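Below are the chains, spelled out letter by letter.
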Amino acid sequence: MNELTKKFSRQRTLLLMSLPFVIHLIIFRYIPITGWVMAFQDYKPARPLLSQRWVGLEQFRILFSDPAFYRILRNTLAMAAIKLILGTAFSVLVAVLINETKSKWGRKSVQTISYLPHFVAWVVAANIVLNVLSPDSGPLNNLLMGLGLIKEPVLWLGEPGYFWHIIGWSHVWKECGFGAIIYLSAMTAIDPQIYEAADIDGARRLQRIRYITLPGIKATFIILLIMNIGHLLDAGFEQQYLLQNGLVQDYSEVFTIYILKYGMKMMRYSYAAAAGIFKSVVSIILIFSANRLAARMGEETLI
Amino acid sequence: MKRKMTVILMVLLSCALAFANGGKEEKTGGMKSISFFMGHPLEDYPSGGTPVGDYIEKNTGVKAEFEFLVGELEQKVGIMIASGDFPDVVNGRNFHQKFIDAGVTIPLEDLIDQYGPNIKKLYGDNLNLLYKDDGHIHFLPAFVPAGKISRTTPDQGFFIQKRVLKEFGYPKITTVDEYFDLIRRYAAKYPEVKGRSTVGFTSLFYSWRNYTVMNMPGVVTGHPNDGSGNVDLVNGKWTVSMFYDTPEAKLIYSKYNEMYKDGLFDPESFVADYDQYQAKLTSGRVLGFFDQGWSVNDVQNLLKEENEDYWYVCIPAVLDGYTEEYNGPAALQTDQGVSISVSCKDPVAVIKYFDFLCREETQKIIGWGFEGTDYLVDDQGLFYRNAEMRARFADPDYNKKVQGAYYFNYMMPGMGSTSSFADGNVFGPENQPSEFYAKLKDAEKDVLDSYGIQTWNEMFRAPDMDRAIYYPLWTGKMTSGSAEEIASQKVTDVRNKYTPLLIMADEGTYDSVWKEYIAELNKIADRDLVTKFYQDLVDTRIAAAGK
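What counts, and at which threshold
Residues numbered from 1 in each chain as written. Chains lettered and ligands numbered in written order. Predicted model: local features only at pLDDT ≥ 70, side-chain atom pairs only at ≥ 80, totals over all residues. Heavy atoms only, no water. Helix = DSSP H or I, 4+ residues; strand = E, 2+ residues; numbered from the N terminus. Buried < 20%, exposed > 50% of the residue type's maximum accessible area, 1.4 Å probe, protein only. Contact = heavy atoms within 4.5 Å. Areas by Shrake-Rupley, 256 points an atom, 1.4 Å probe, with all protein chains shown as cover. Lys, Arg positive; Asp, Glu negative; His and termini not counted. Charge placed at Lys NZ, Arg CZ, Asp CG, Glu CD. Disulfide = S-S within 2.5 Å. Phe/Tyr/Trp six-rings, centres within 6.5 Å; stacked < 30°, edge-to-face > 60°. Lys NZ or Arg CZ within 6 Å of the ring centre and 35° of its normal. Pairing = 2+ DSSP bridges. Axes fitted to C-alpha atoms, helices over the stretch in contact; angles between N-to-C directions. Domains from an automatic or database assignment. Buried area = accessible area lost by both parts, 1.4 Å probe. Salt bridge = Lys/Arg side-chain N within 4 Å of Asp/Glu carboxyl O. Nonpolar A, V, L, I, M, F, W, Y, C, P; charged D, E, K, R; others polar. Expected span 1.5 Å × (residues − 1). Arc of directions from axis to C-beta. Polar contact = N/O pair within 3.5 Å; in protein donor to acceptor, adjacent residues only side chain to side chain. Parallel < 35°, antiparallel > 145°, perpendicular 65-115°, else oblique. Left-handed = near helix turned anticlockwise from the far one by under 90°. Patch = residues over 30% accessible without salt bridge, like charges linked within 9 Å, V, L, I, M, F, W, Y side chains within 5 Å.

Draft legend 1. Structural detail: the overall build of chain B. A count of helices and strands for chain B gives 22 helices and 14 strands. Its C-alpha atoms give chain B principal-axis dimensions of about 75 × 65 × 55 Å. Taken over 547 residues, chain B has a buried fraction of 53%. In chain B, the share of contacts with a sequence separation of at least 24, taken over all contacts with a separation of at least 6, comes to 74%. For chain B, the exposed area adds up to about 24500 Å²; of that, 53% sits on carbon and sulfur atoms. Mean positive and mean negative side-chain charge positions of chain B (57 and 78 charges, respectively) differ by 3 Å.

Draft legend 2. Spotlight on the state of the cysteines. Evaluated as defined, the whole model comprises zero disulfides over all chains. The thiol sulfur of B:Cys344 is not disulfide-bonded, and the nearest other cysteine sulfur, from B:Cys358, lies at 17 Å.

Draft legend 3. Layout of the packing of aromatic side chains. This structure, assessed with the given rule, holds 71 aromatic pairs over all chains. Centroid distance A:Tyr115 to A:Phe119: 5.9 Å. Interplanar angle 75°. Geometry classified as edge-to-face. Here A:Phe119 falls in the exposed class, since its relative accessible area comes to 55%. Here the aromatic rings of B:Trp208 and B:Tyr211 are separated by 6.5 Å at their centres, their planes lie at 25°, and the arrangement is stacked. Under the relative-accessibility criterion, B:Trp208 is labelled exposed at 52%. Since its relative accessible area comes to 10%, B:Tyr211 is described here as buried. We note B:Arg209 situated over the ring of B:Tyr274; from NZ or CZ to the ring centre the distance is 3.5 Å.

Draft legend 4. Quick look at the sheet that holds strand S12 (residues 339–340) of chain B. Residues and elements named next belong to chain B. Pairing is mixed across the open sheet formed by four strands, whose spatial order is S2-S1-S3-S12. Each edge of the sheet is formed by a strand with only one pairing partner; in this case those strands are strand S2 (62–68) and S12. Two elements, strand S1 (residues 32–38) and S2, share seven bridges in a ladder whose sense is parallel. Looking at S2, one finds that Ile34 is bridged to Ala64. Lying over the sheet, helix H14 (residues 347–358) contacts S1, S2, strand S3 (89–91) and S12, oriented at roughly 75° with respect to S1.

Draft legend 5. Quick peek at the domain arrangement of chain B. All names here are of chain B. What the domain assignment reports for chain B is domain 1 (30–148 + 333–427) and domain 2 (156–326 + 440–545). A separation of 33 Å is found between the C-alpha centroids of domain 1 and domain 2. Taken together, the contacts link five residues of domain 1 with five residues of domain 2. Of the roughly 470 Å² buried at the junction of domain 1 and domain 2 (both faces included), carbon and sulfur atoms supply 54%. The interface formed by domain 1 and domain 2 holds zero salt bridges in total. Counted by class, the side of domain 1 that touches domain 2 contains one nonpolar, three polar and one charged residues.

Draft legend 6. Molecular detail of helix H8 (residues 176–189) of chain B. All names here are of chain B. With 14 residues, H8 extends 20 Å from end C-alpha to end C-alpha; this agrees with the ideal 20 Å at 1.5 Å per step. Three or more residues of H8 are buried, namely Val176, Tyr179, Phe180, Leu182, Ile183, Tyr186 and Ala187. Around the axis of H8, the buried residues are gathered within 150° of arc, so they sit on the same side. Exposed side of H8, more than 90 degrees from the buried face: Ala188 and Lys189 are the residues found there. Buried residues belonging to H8 abut strand S4 (156–161), helix H7 (162–167), strand S7 (199–202), helix H11 (247–261), strand S10 (286–292) and strand S11 (312–315).

Draft legend 7. Here's a closer look at the environment of A:Leu144. Residue and element names in this part refer to chain A. With respect to the helices, strands and loops of the structure, Leu144 is situated in helix H7 (residues 139–146). Each C-alpha atom, one on Leu144 and one on Ser9, is 67 Å from the other, the two residues being 135 residues apart in sequence. Once residues within four sequence positions are removed from consideration, Leu144 is found in contact with Leu149, Ile150 and Trp156.

Draft legend 8. How the structure looks around the interface of chain B and chain A. Facing the 28 residues of chain B at the interface are 25 residues of chain A. Between chain B and chain A, a total of about 2200 Å² is buried, with carbon and sulfur atoms accounting for 54% of that surface. Across the pair B:Lys497 and A:Asp250 runs a salt bridge, and its minimum N-O distance is 2.4 Å. At the surface where chain B touches chain A, the tally comes to seven residue pairs in polar contact (both at pLDDT 80 or more). Breaking the side of chain B that touches chain A down by element, the ones donating at least two residues are helix H3 (73–83), helix H12 (274–282) and helix H20 (483–504) of chain B. If you tally residues by element for the side of chain B that touches chain A, the top one is H20(B), at eleven residues. For the side of chain B that touches chain A, the residue count by class is eleven nonpolar, five polar and twelve charged.

Draft legend 9. Quick peek at the packing of H11(B) against helix H21 (residues 510–522) of chain B. Residues and elements named next belong to chain B. It is at 12 Å that the axes of H11 and H21 come closest, and there the two elements cross at 135°. As the angle between them shows, H11 and H21 are arranged oblique. When the axes of H11 and H21 are compared, the crossing they make is right-handed. For the pair formed by H11 and H21, the contact residues are Ala249, Lys250, Tyr253, Ser254 and Asn257 on the first element and Tyr510, Asp511 and Trp514 on the second. Tallied by class, residues from the contact of H11 with H21 come to four nonpolar, two polar and two charged.

Draft legend 10. Structural context of a nonpolar patch on the surface. All names here are of chain A. A cluster of nonpolar side chains, Leu16, Leu19, Val22, Ile23, Leu25, Ile26, Ile27, Phe28, Tyr30, Ile31, Ile33 and Trp36, forms an exposed patch at the surface whose accessible area comes to about 1100 Å². Relative to the helices and strands, Phe28 resides in helix H2 (residues 12–30). Taking relative accessible area as the criterion, Phe28 reaches 53% and is therefore assigned exposed.

Draft legend 11. Summary view of a negative patch on the surface. Residue and element names in this part refer to chain B. On the surface, a cluster of negative charge is made up of Glu308, Asp442, Asp446 and Asp449. Residue position: Asp442 is located in helix H19 (residues 442–451). Exposure remark for Asp442: the relative accessible area of 58% places this residue in the exposed category.

Given below as structure tokens:
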């Protein structure tokens, strides 16, 4: 028996346990990839995949020659980056604050309240955002007018320059509490003795956060960052779709909306598949580069 | 213990299933059954039967087994086609063309000829419109226009709050200028309502509901709801033109722009969704808006319950120098209907069933119910209901859950609600003028009386029946993914961006925004394909009608 088979038989139970998930992955993640051949065809429904007309790279040519494509790429990357940076920063901040709260009641209630919006579907959440930002006595306009900062109500959602802000900050509101949970659990894994030792050495609260808590969650932080970078081309769909309007469409349309509008809705499945392939390839490149970068910096890596 | 329980439960469950199946067979014993797929999410047909359904069952010896839509229609139709297994009858609503393209439907014309005398009588010349390119009739649409067309409420128009009309003594309004002027004067006089600011005029830009703004250049120049463009008689030929880049479009949006600059056009229009729009209308603060009647039915009903002054009257305002034509002729839905599928074993039975439905007597029962219990007949032969009957039918669910008539009208071959029987009675009780008037609230009667009319529709002109041979454009479906569909989507994108910008334009900048808008439109190389598509559609329909 060589080394490998021995190792296998030793971890038999573990391997068996993971088997269903591997099968699930193969069925739902790998087999559908065969549908990619569509991107090289002029696919019409109700006909077998192999008796379709082949068009080579025509779909990609159409995609890359659409002037809207580059605008949409910009919007997608920009909004995803904004969401990633703001979302991560605020999740860590909330986690640190909750971690530093001594009263158990305070921790629990802050945590529950902050992650509750995560469970609200965007359809509902978008309505809340619309109402908060309403120029017709919405709370935000009322507040700013009450403070004397603005004279007239602002049409927040109608101004292209504000749209990315609205996407970023509504994402923070909805997701930072939930994102904090993972960081919080990483913090509980930090050995309390380190904190005690720091106390004895006279470390103050901010110093404890700076030198113990943050380095303690660094590994989690990096792994999550790598995973999220892979999703940079998924800037979301419902959020933009539900909050957009004609006035801001040059800044609100993301990849998924474009695929829906010019692909799926027109039954141009091949076109949608081509756009999907582009997205996947870029995502794979991004995730590998992030991973390489992390490895080079001597950090935890994903792959 | 737990395992035992599970086993017992499973045994019980399978027994239940077996018995359920057994029961079904027994019930249909001696009776034919026809299976339907209806592409519409509806509750299951009442299991205890209904008066209308039982009547049809008893007289045809056929039990209808309905399957209604669960989930998304487009997907469901795709899956059905891929599986190759169909119920006897399919109706794929706005995706019905996919069934035809996939060869799921069988030709009906010979069957109708042989077994459908009542179908022929009801559809009349309309049957000619149903021949597709391959020379066959593939489906029978519902809501057939037949007999005298009687409407009590208009399709669409400018809505104005009753208190505005009352304030100025119920003036007759014919132009957009007069309409906006009333709003201007009223808002100046009453800047607040119920402690909140008055909203002069609102619109809806949300998703496909933006027709409330986008269709304006067409309707204010005296065109019915073609939606996609204007159709005019030019040198004796119905000619299609696009209306979004015309001088009239520039004019009507400049009037909106004037309202905006005066603070009377609700800025929230540009960003609000349908819920917010309805909520705002229901608050009673809004003096006017443009919409199609069905879209604001709920709002109107609520307002009428609440306050006698806050609901809206629909009026036909157009630009100076044009004659209004808000109502289009009642037209057959030529894009969808019921088809017999290739899986059907006995197509003759199905056609005979449809023929029974199309019989005038059956249609009366579907439209009104049974004489004596659901309606009465006066000396002149006019149908009416008494207070008790009206109360029963006032519940919108009554015709579905109790009477069952809804299941044999919606999506089934039969008459439209504005169609009339040979004796002059209207199919839909809500469109029978005397019945309509009797059900009105006093506040509504006051307004009608002030204008000296009996129904809301009398404010509007009768539709131009010459249009009937092509109307309406919007039922024309572009081939998915075609060059014209892509061009049309691009035009929509540009309009979605620039129409709000035009309305919001600052003093003195309207012309430059308009120039920019036209420049953007001109960048869409093949937008003429859209016009050509609709022109071809009109030509084909006219040719079919001439058969």
